[in-house]
Amino acid sequence: MKKYSILIAGGGSTYTPGIVMMLLDNLERFPIRSIRLYDNDEKRQEIIGRALAITIKEVAPSISFSYTIDPETAFTDVDFCMAHIRSGKYEMREKDEKIPLKYGVVGQETCGPGGIAYGMRSIGDMLELIDFMEKYSPNCWMLNYSNPASIVAEACRVLRPNSKVLNICDMPVGTLRRMAYIVNREPKDLEVKYFGLNHFGWWTSVKDKDGTDLMEELLAYISENGYLTQKAVETQHMDASWQETHKKAKDILATDPAYLPNTYLKYYLYPDYVVKHSNPNYTRANEVMAGREKHVFDAAKAIIEAGTAKSGEFDIDNHALFIVDLARAIAYNTHERMLCIVENKGAISNFDPYAMVEVPCIVGSNGPEPLVQGEIPLFEKGLMEQQVAVEKLVVQAWIEKSYQKLWQALILSKTVPSASVAKQILDDLIEANKDYWPELN
Ligand SMILES: NC(=O)c1ccc[n+]([C@@H]2O[C@H](COP(=O)([O-])OP(=O)(O)OC[C@H]3O[C@@H](n4cnc5c(N)ncnc54)[C@H](O)[C@@H]3O)[C@@H](O)[C@H]2O)c1
Ligand SMILES: O=P(O)(O)OC[C@H]1O[C@H](O[C@H]2[C@H](O)[C@@H](O)[C@@H](O)O[C@@H]2CO)[C@H](O)[C@@H](O)[C@@H]1O
Ligand SMILES: [Mn+2]
């Protein structure tokens with residue numbers, strides 16, 4: 001059985017240990033000969049790298065492990081690049097969240113002005129990773145988690161249309177785990193229909209493998225409780241702010257009681273509520289730095305100090321199962337059904353064929369093949385048309401270095417109340433991002 005060579009781009013990410021632990025836990029179904037980390041922050045990556053070197057030596061000594069900041073060393077002889085970089089790191093995420101809040105507008109990692117700012121930083125960095133991959137390992141697939149996935153995916157569609165890059169999100173997978181718990185099934189037993197953009201979609205059908213329709217049961221539960229469940233069904237997102245988001249799905253569902261919504265819709269449908277419940281001086285970036293980042297880096301330091309990982313400091317991360325299953329689907333041509341971000345090309349039959357949409361796909365060695373979801377209703381279509389225009393305008397603004405188009409993107413975002421507020425936020429974002437964005441004219 002072939003053994004695969006994996007590169008994790010964004011080696012210093014808080015998710016890297018969870019992904020590596022998941023890879024180590026799946027060696028029988030997905031054999032690996034090499035794991036390498038790549039990051040552009042040497043010091044940050046070194047902490048994770050040293051701790052993982054100790055861990056891997058104890059668990060699977062036959063796997064060759066290394067970490068590097070040199071692109072050629074990183075990208076040579078790789079089968080799968082699992083990418084999760086954060087352009088500008090948490091320092092810039094904090095600004096993305098706090099600048100809009102100054103003007104009473106949603107401050108969020110991937111939605112609204114914060115997501116637009118993050119997109120303007122990520123496009124160039126992602127293209128650089130893709131170019132390294134194609135130069136040093138032309139047959140490699142990139143499985144990309146790096147956000148904002150919708151804008152990154154649109155940039156790939158326009159600027160690297162033939163590259164083997166598959167953009168994905170674990171939000172639907174995480175929510176499906178909650179649905180499975182609600183209907184007393186395993187996630188792998190559920191088959192869904194779903195349509196939307198990344199962080200902007202709806203489930204239209206959830207059935208078990210026998211064809212039993214579970215929508216009615218789920219709609220009844222979620223209209224009362226949102227996606228809040230009694231038991232923790234994931235290792236992440238037990239923080240109060242995320243529990244609040246799962247609960248708010250109840251109010252999103254009220255806007256169309258027929259379809260189960262993605263929780264991210266709260267930023268577009270209830271922005272006033274979100275702003276009212278935000279602390280402009282302490283946002284999610286602060287929570288993550290004090291929580292997940294501290295936890296992961298403390299665990300890494302404890303492993304380095306002890307010289308062993310036998311106390312189990314690193315957890316297997318549920319979030320990582322999707323990316324491992326995806327690599328398997330491509331490696332073994334499994335034709336598994338998975339949600340991916342792909343060019344529409346008629347999958348949503350009454351929507352822009354050139355939009356990057358999130359729909360169920362059959363994934364095999366040639367990548368994802370979208371499954372037709374048919375026509376969508378006017379309400380969802382209207383919301384999606386507005387949002388997809390935002391995403392396309394950001395990519396055009398980046399390519400053309402256009403202030404005008406970026407301003408239009410902000411104006412069009414449903415989270416922003418007026419062109420004048422959009423301009424004030426944009427001017428602040430330009431100043432904050434001068435080391436990252438192209439200079440706009
Ligand atoms: N698609 C999804 O559903 C999903 C789910 C979880 C996380 N994410 C994304 O995964 C990424 C990582 O999240 P995190 O919270 O662990 O962030 P993090 O800041 O802990 O890690 C990101 C790492 O990327 C590195 N990096 C930044 N720019 C780089 C570049 N140009 N080249 C190489 N390395 C670079 C940083 O130095 C850092 O070590 C983010 O983009 C996040 O939004 C996406
Ligand atoms: O605020 P953060 O940094 O904690 O999380 C932001 C990410 O949230 C989503 O991913 C979640 C997922 O929904 C959950 O079920 C669990 O598996 O954890 C994931 C990562 O924290 C979202 O899909 C990502 O795009 C966000 O970056
Ligand atoms: Mn996501």
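Calculation criteria
- Residues numbered from 1 in each chain as written.
- Chains lettered and ligands numbered in written order.
- Predicted model: local features only at pLDDT ≥ 70, side-chain atom pairs only at ≥ 80, totals over all residues.
- Heavy atoms only, no water.
- Helix = DSSP H or I, 4+ residues; strand = E, 2+ residues; numbered from the N terminus.
- Rg over C-alpha atoms; globule rule 2.2 N^0.38 Å.
- Areas by Shrake-Rupley, 256 points an atom, 1.4 Å probe, with all protein chains shown as cover.
- Lys, Arg positive; Asp, Glu negative; His and termini not counted.
- Charge placed at Lys NZ, Arg CZ, Asp CG, Glu CD.
- Near = heavy atom within 4 Å.
- Polar contact = N/O pair within 3.5 Å; in protein donor to acceptor, adjacent residues only side chain to side chain.
- Nonpolar A, V, L, I, M, F, W, Y, C, P; charged D, E, K, R; others polar.
- Axes fitted to C-alpha atoms, helices over the stretch in contact; angles between N-to-C directions.
- Left-handed = near helix turned anticlockwise from the far one by under 90°.
- Contact = heavy atoms within 4.5 Å.
- Parallel < 35°, antiparallel > 145°, perpendicular 65-115°, else oblique.
- Core = buried A, V, L, I, M, F, W, Y, C linked by side-chain atoms within 4.5 Å.
- Buried < 20%, exposed > 50% of the residue type's maximum accessible area, 1.4 Å probe, protein only.
- Expected span 1.5 Å × (residues − 1).
- Donors = N, O, S within 2.8 Å, 3.2 Å for Na, K, Ca; no water.
- Arc of directions from axis to C-beta.
- pLDDT = per-residue confidence, 0-100.
- Pairing = 2+ DSSP bridges.
- Salt bridge = Lys/Arg side-chain N within 4 Å of Asp/Glu carboxyl O.

## Comments concerning the overall build of the protein chain
Each helix and strand counted, the protein chain has 16 helices and 12 strands in total. A compact globule built from 441 residues would reach a C-alpha radius of gyration of about 22 Å, and the protein chain, at 21 Å, matches this within 12%. Overall, the protein chain is about 55 × 55 × 40 Å in size when its C-alpha atoms are taken along their principal axes. Working note: accessible area of the protein chain is about 18100 Å², and carbon and sulfur atoms make up 49% of it. Averaging the coordinates of the 48 positive side-chain charges in the protein chain and doing the same for the 60 negative ones gives two points 1 Å apart.

## With respect to the site of ligand 1
Taken together, 26 residues lie around ligand 1, and Ser13, Thr14, Asp39, Tyr90 and Tyr118 are the ones closest in. Within the contact set of ligand 1, an oxygen atom lies 2.6 Å away from a side-chain nitrogen or oxygen of Asp39. Between ligand 1 and Asn40 there is a distance of 3.3 Å, counted from a nitrogen atom to a side-chain nitrogen or oxygen. Relative to its unbound accessible surface of 860 Å², ligand 1 loses 97% to contact with the protein. Every element with two or more residues in the shell around ligand 1 is listed here: helix H4 (89-102) and helix H5 (112-136). Among the residues forming the shell around ligand 1, the class breakdown is eight nonpolar, nine polar and nine charged.

## A closer look at the packing of H4 against H5
In the contact formed by H4 and H5, the axes pass within 8 Å of each other and the chain directions differ by 145 degrees. For the pair H4 and H5, the crossing hand works out as right-handed. Taken together, the residues of H5 that come into contact with H4 (itself represented by Met92, Arg93, Asp96 and Pro100) are Pro113, Gly114, Ala117, Tyr118 and Arg121. Split by residue class, the contact of H4 with H5 holds five nonpolar, one polar and three charged.

## Details of the packing of H4 against helix H16 (residues 419-432)
Axis separation between H4 and H16 bottoms out at 10 Å; the angle between their running directions is 155 degrees. Taken together, the axes of H4 and H16 are roughly antiparallel relative to one another. Judged by the twist between their axes, the crossing of H4 over H16 is right-handed. Together, Met92, Lys95, Ile99, Pro100 and Lys102 of H4 and Ile425, Asp428, Leu429 and Ala432 of H16 make up the contact between the two elements. Among the residues forming the contact of H4 with H16, the class breakdown is six nonpolar, no polar and three charged.

## A look at the nonpolar core
Core analysis: the largest hydrophobic core is formed by 77 residues, its most contacted members being Ile6, Leu23, Phe80, Cys340 and Met384. Per-element tally for this core: the top contributor is helix H13 (residues 321-332), with seven residues. Ile99, Tyr403, Leu429 and Ala432 belong to the second largest nonpolar core, which has 28 residues in total.

## What about helix H14 (residues 378-400)?
A rise of 1.5 Å per residue sets the reference length of H14, with its 23 residues, at 33 Å; its end C-alpha atoms lie 32 Å apart and thus fit the reference within 8%. Directly after H14, the chain includes Lys401, whose backbone phi takes a positive value near 55 degrees.

## Digging into the coordination of the manganese ion (ligand 3)
For the manganese ion (ligand 3), the protein coordination sphere consists of Cys169 (SG) and His199 (NE2), at 2.2 to 2.4 Å. In this pair, Cys169 is assigned in the loop between strand E6 (165-167) and helix H7 (171-182) and His199 in the loop between strand E7 (190-197) and strand E8 (200-208), connecting sequence segments 30 residues apart. Take His199: its relative accessible area is 5%, and that puts it in the buried class.

## So, H16
When the terminal C-alpha atoms of H16 are compared, their 20 Å separation across 14 residues agrees well with the 20 Å that a helix rising 1.5 Å per residue should span. Those residues of H16 that sit buried are Val421, Ala422, Ile425, Leu426, Leu429 and Ala432. An end-on view of H16 places all buried positions within 130 degrees of arc, on one side of the element. For H16, the secondary structure elements touched by its buried residues are H4, H5 and helix H15 (403-412).

## Some details on the confidence of the model for the protein chain
The pLDDT averaged across the protein chain works out to 97; a share of 99% of its residues lies at or above 70. The ipTM, which scores confidence in the relative placement of chains, is 0.98 for this predicted complex, and the corresponding pTM is 0.97.

## Focus: the sheet that holds strand E9 (residues 260-261)
Strand order in the open sheet formed by three strands is E7-E8-E9, and the pairing between neighbours is antiparallel. Lying at the two open borders of the sheet, with one neighbouring strand each, are E7 and E9. Sheet topology note: the E8/E9 ladder contains two bridges and is antiparallel. From the neighbouring strand, Trp203 faces E9, where its bridge partner is Leu260. Helix H8 (residues 215-225) rests against E8 and E9 of the sheet, and its axis sits at about 130 degrees to E8.

## Some remarks on the pattern of salt bridges
Proximity of charged atoms lets side chains of opposite charge pair with each other. Enumeration over the complete set of coordinates arrives at 28 salt bridges. Where Lys89 meets Asp41, a salt bridge forms, and the shortest distance between an N and an O atom there is 2.5 Å. Taken as a pair, Lys89 in helix H4 and Asp41 in the loop between strand E2 (32-38) and helix H2 (42-59) lie far apart in primary sequence, 48 residues in all. By relative accessible area, which is 37% here, Lys89 ends up partly exposed. Asp41 gets classed as buried once you look at its relative accessible area, which sits at 19%. Measuring nitrogen to oxygen at the nearest pair gives 3.9 Å for the salt bridge that ties Arg93 to Glu109. Of the two residues, Arg93 is situated in helix H4 and Glu109 in the loop between H4 and H5; the sequence distance between them amounts to 16 residues. An identical accessibility class is assigned to Arg93 and Glu109; each is buried. A single salt-bridge network, built from bridges that share partners, covers Glu154, Arg157, Glu343, Asp352 and Lys392.

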